[in-house]
Every structure is written in structure tokens, then in C-alpha cells.
Amino acid sequence: QVQPVESGGGLVQAGGSLSLSCAASGRTFSNSAMGWFRRALGKDREFVAVISWNGGTTFYADSVKGRFTIFIDNSKNTVSLQMNSLKPEDTAVYYCTRSLYSGVRIASTDYGYWGQGTQVTVSS
């Protein structure tokens, strides 16, 4: 199995930026699409962004489109999420996850391996 491991969360003021990184422990991401989800306190987990295994296709939730960028480096087995213009409503635990498919998917049920999550807090 390939267990994603997230890093890079923290506290930032509204309008600021953070970069999250996800590394694969074990082997590689093995031609799987990689995604980011988040769960805010008291809310359901929601899709944030996904990138195809070769980096050729990306898809974003409307709430982050134009502010967040996902990119993959297969040579380093890492997936990153650059978050700009952060808002207090972006506050959540962010999870990196490996898809069961190579193409982009947005349903959490299409993902089979989840990291432990990293907290992102945006203060107003």
C-alpha cells in the first residue's frame, strides 16, 4: 500500500498563502490520480482539488478555483496544493488521498488511501 503523508499546514491570516505537500510512503502513487479533500469542524468532508496521474488534467471545487493550484511531481512522489488568497472559510483539516483511478474523480468513494490530515487555520 501507499500511504499519503501530508505536511505544511498551519495558521495564516486571511489573504495569505500556504503550501501543502503530500508524499507517498512506500512505493509510488502508481499511476493514480491524487486529490485533496478537507473537513471543517462540524461539516462533512468536501472535495477540493484533483490531478490526474500524469499531471495533465486538474479539477477544482468552485470554492477554491482561481486561488488553489494542485501539481504533481512523480519523480519525487509528491503532490502539492498551493493555496493563495486564503479565507477564514478555508479553515479545515486537509487530507491528501490517492484515487482508485488514473483519471480525475471528485467523489470521496473513488479514493482508497487517505493521509492523516493537516490542519489549516485562516484567521480573519
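Computed from a predicted structure; not experimentally measured. (Residues numbered from 1 in each chain as written. Predicted model: local features only at pLDDT ≥ 70, side-chain atom pairs only at ≥ 80, totals over all residues. Heavy atoms only, no water.)

A. Expanded view of a nonpolar patch on the surface. A surface patch of nonpolar side chains, amounting to about 240 Å² of accessible area, comprises Phe-59, Val-104 and Ile-106. Structurally, Val-104 is set in the loop between β9 (92-99) and β10 (111-114). Judged by its relative accessible area of 31%, Val-104 is partly exposed. (Patch = residues over 30% accessible without salt bridge, like charges linked within 9 Å, V, L, I, M, F, W, Y side chains within 5 Å. Areas by Shrake-Rupley, 256 points an atom, 1.4 Å probe, with all protein chains shown as cover. Salt bridge = Lys/Arg side-chain N within 4 Å of Asp/Glu carboxyl O. Helix = DSSP H or I, 4+ residues; strand = E, 2+ residues; numbered from the N terminus. Buried < 20%, exposed > 50% of the residue type's maximum accessible area, 1.4 Å probe, protein only.)

B. Looking closely at the nonpolar core. Trp-36, Leu-81, Met-83 and Tyr-94 are the most contacted members of the largest nonpolar core, which has 32 residues in total. Those elements that provide at least two residues to this core are β3 (18-25), β4 (34-39), β5 (45-51), β7 (68-73), β8 (78-83), β9, β10 and β11 (118-123). If you tally residues by element for this core, the top one is β5, at five residues. With near-sequence residues (within four places) excluded, Met-83 lies in contact with Gly-16, Ser-17, Leu-18, Leu-20, Arg-67, Phe-68, Tyr-94 and Val-120. (Core = buried A, V, L, I, M, F, W, Y, C linked by side-chain atoms within 4.5 Å. Contact = heavy atoms within 4.5 Å.)

C. View of the state of the cysteines. Considering all chains together, one arrives at one disulfide under this definition. A disulfide bridge connects Cys-22 with Cys-96, and the sulfur atoms are separated by 2.0 Å. Residues Cys-22 and Cys-96 share a disulfide whose torsion about the S-S bond is about -80°; that sign makes it left-handed. Residue Cys-22 is found in strand β3, and its partner Cys-96 is found in strand β9; the two are separated by 74 residues along the sequence. The exposure classification of Cys-22 matches that of Cys-96, with both residues buried. (Disulfide = S-S within 2.5 Å.)

D. Spatial organisation of the pattern of salt bridges. Evaluated as defined, the whole model comprises five salt bridges. Salt-bridge contacts for Asp-90 lead to Arg-67; the nearest nitrogen and oxygen are separated by 2.7 Å. A residue pair is termed long-range when its members are at least 10 positions apart, and Asp-90 in the loop between β8 and β9 and Arg-67 in the loop between β6 (58-60) and β7 qualify at 23 residues. Relative accessible area serves as the criterion here: at 10%, Arg-67 is assigned to the buried category. Between Asp-110 and Arg-105 there is a salt bridge, with the nearest N and O atoms lying 3.9 Å from each other. Through salt bridges that share partners, Arg-38, Glu-46, Arg-67 and Asp-90 make up one connected network.

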